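One letter stands for each residue in the lines below.
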Amino acid sequence: MQQSTAPAAPDDGAAAALRIVAHFDALALAGTGPDGLLRAAAALSGAVAGTEHRGRTTRRDPDGRTPAGQPPARRGERPRTDGSVWLERPGPAHPDDELTTARLAVALDLAEARRHPLNALETGIDPARDLAERTAALARLRLAPGTRIRIAATRPDDRAPAAADPAALVPTRYGLLHAHLQRTGGPPPATPAGLGPWVRADQAPDSWEGAVIALRLTEPAVPVVDATDLGALLLLARTHDPQDPHPDVAALARLDARATRVLQVLVEAESVRAAAAALGMHHSTLQARHEALTHDLGYDPRTATGKVRYAAAEFLLRLTDPRP
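Residues numbered from 1 in each chain as written. Predicted model: local features only at pLDDT ≥ 70, side-chain atom pairs only at ≥ 80, totals over all residues. Heavy atoms only, no water.

Enquirer: Whenever I open this one, the overall build of the chain confuses me. Can you help?
Expert: Within the chain, the regular secondary structure consists of twelve helices and ten strands. Expressed as lengths along the three principal axes of its C-alpha atoms, the size of the chain is roughly 70 × 55 × 30 Å. Across the chain, every contact between residues at least 6 apart in sequence was considered, and the portion connecting residues at least 24 apart equals 63%. Element-wise, carbon and sulfur atoms account for 54% of the exposed surface of the chain, whose accessible area totals about 16300 Å². When the 38 basic and 39 acidic side-chain charges of the chain are each reduced to a single mean position, those positions are 3 Å apart. (Helix = DSSP H or I, 4+ residues; strand = E, 2+ residues; numbered from the N terminus. Contact = heavy atoms within 4.5 Å. Areas by Shrake-Rupley, 256 points an atom, 1.4 Å probe, with all protein chains shown as cover. Lys, Arg positive; Asp, Glu negative; His and termini not counted. Charge placed at Lys NZ, Arg CZ, Asp CG, Glu CD.)

Enquirer: Can you help me understand the pattern of salt bridges in this one?
Expert: Side-chain pairs of opposite charge can arise where the charged atoms are in close proximity. Per the stated rule, a full pass over the model turns up 14 salt bridges. The closest approach of N and O atoms between D126 and R129, which form a salt bridge, is 3.5 Å. Residue classification places D126 among the partly exposed positions, given a relative accessible area of 24%. For R129, a relative accessible area of 26% corresponds to the partly exposed category. Among the charged side chains, a salt-bridge network with shared partners connects D35, R39 and R60. (Salt bridge = Lys/Arg side-chain N within 4 Å of Asp/Glu carboxyl O. Buried < 20%, exposed > 50% of the residue type's maximum accessible area, 1.4 Å probe, protein only.)

Enquirer: Even after reading the chapter, I still don't get the packing of aromatic side chains, so can you show me in this structure?
Expert: When we look at a pair of aromatic rings, we describe it by the centre distance and by the angle of the planes. Per the counting criterion, the structure on display carries zero aromatic pairs. Against the face of W86 rests R74, its NZ or CZ located 3.5 Å from the ring centre. (Phe/Tyr/Trp six-rings, centres within 6.5 Å; stacked < 30°, edge-to-face > 60°. Lys NZ or Arg CZ within 6 Å of the ring centre and 35° of its normal.)

Enquirer: How should I be thinking about unusual backbone geometry in this particular structure?
Expert: Peptide bonds are mostly trans, and most non-glycine residues show a negative phi. Positive phi outside glycine occurs at R54, with the angle close to 55°. On the secondary structure map, R54 appears in the loop between strand 1 (48–53) and strand 2 (56–60). For R54, a relative accessible area of 58% translates into the label exposed. For R142, which is not a glycine, the phi torsion comes out positive at approximately 60°.

Enquirer: Would you mind showing me how to read the packing of helix 1 (residues 13–29) against helix 2 (residues 34–45) here?
Expert: The description of two helices packed together rests on the angle between their axes and the distance between the axes. Orientation of helix 1 relative to helix 2, taken along the N-to-C sense of each, is 160°, at an axis distance of 11 Å. Our classification of the angle between helix 1 and helix 2 gives roughly antiparallel. In terms of crossing hand, the pair formed by helix 1 and helix 2 is right-handed. Along the contact surface, helix 1 presents I20, H23, F24 and L27, while helix 2 presents L37, A40, A41 and L44. Broken down by class, the residue content of the contact of helix 1 with helix 2 amounts to seven nonpolar, one polar and no charged. (Axes fitted to C-alpha atoms, helices over the stretch in contact; angles between N-to-C directions. Parallel < 35°, antiparallel > 145°, perpendicular 65-115°, else oblique. Left-handed = near helix turned anticlockwise from the far one by under 90°. Nonpolar A, V, L, I, M, F, W, Y, C, P; charged D, E, K, R; others polar.)

Enquirer: Looking at this structure, how should I read the nonpolar core?
Expert: A general tendency of soluble globular proteins is for nonpolar side chains to be buried together. Counting 56 residues, the largest nonpolar core has W208 and L286 as its most contacted members. If we skip the residues at most four places from it in the chain, L286 touches V262, L266, V272, A275, A276, L279 and M281. Core analysis: the next-biggest nonpolar cluster, separate from the first, contains 21 residues, A40, V85, L108 and L110 among them. (Core = buried A, V, L, I, M, F, W, Y, C linked by side-chain atoms within 4.5 Å.)

Enquirer: How should I be thinking about helix 10 (residues 272–279) in this particular structure?
Expert: One turn of an α-helix holds 3.6 residues; hence residues three or four places apart share an orientation. When helix 10 is considered as a whole, its buried residues turn out to be V272, A275, A276 and L279. Mapping the buried residues of helix 10 onto a view down its axis gives an arc of 100°, with all of them on the same face. Turned more than 90 degrees away from the buried face of helix 10, the exposed residues are R273, A277 and A278. Each element contacted by the buried residues of helix 10 is listed here: helix 9 (257–268) and helix 11 (283–297). Just downstream of helix 10, G280 is the residue with a positive phi angle, here 70°. (Arc of directions from axis to C-beta.)

Enquirer: It is not clear to me how the packing of helix 9 against helix 11 should be interpreted in this structure. Could you clarify?
Expert: It is the contact of helix 9 with helix 11, at a shortest axis distance of 11 Å, that shows an interaxial angle of 100°. Taken as axis vectors, helix 9 and helix 11 run roughly perpendicular relative to one another. The segment helix 9 lies against helix 11, with R258, A259, V262, L263 and L266 engaging L286, R289, H290, L293 and L297. Along the lines of polarity and charge, the residues of the contact of helix 9 with helix 11 split into seven nonpolar, one polar and two charged.

Function cannot be read off these values alone, since they describe shape.
Listed below in structure tokens is the structure:
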């Protein structure tokens, strides 16, 4: 039986998008094959999912069968390596069709790559591989161990130009990301992008880890972040487990948007009275909120130590996986 194809309510849009991303990342990380990915896309969207790869077309309906008859219009069609993916449904496209096909294309490309020996770049940046394996992979990339390089990270939907340095689609603790090898200091391959520090090629895993952290810190106003610019914060970030955050980070994550804003102003203002004026609140009301926040956080965010703890926790919160 087909799942409901009614589009999500506006308030549910972000949550629905997060579920789609998490769903395909989990399938890809589990090693699901192309047919399983197509079936999952069809079941998730309530529509026929199709792909054309090197001249061969495969289609699956939400029940996992090959549909018969003339296909309806393609929705959310998206290119993939040596082909394309799409959904088929009558009537207008649904809001999540574009995201579903984008994630399907990424997952199918990764499944195809896994049918062949590991990409040399993926091996070269993998900290779980021993030095001999990484050195052999570097040799396939024509890199001596001492060559100066850095790794850039971009989102999986951002593809490297054909003439760019080697790239690989790599599973990470934040889901699938593209890794790009850079041998010169040219512009990043796409934005948003995180740039790892320059290292010897045999230390490429360190650059990749920095690139992944930097990518998590990008925002519309700052679409490219260089891990080198983080200074000592990079050391702090390397110790952070995004799925098991420090209690200070978890405390910030529990605050609603209003409390988060009040806390930010309290930390930045010269005094509680100045913070009350900036927030348009009565001084005594804000004083009560200050006391409540101190209780909830486990420290006073107005003290010198409290401000440092808040700044560190707010920084790590941006690196925390929101999906669990």
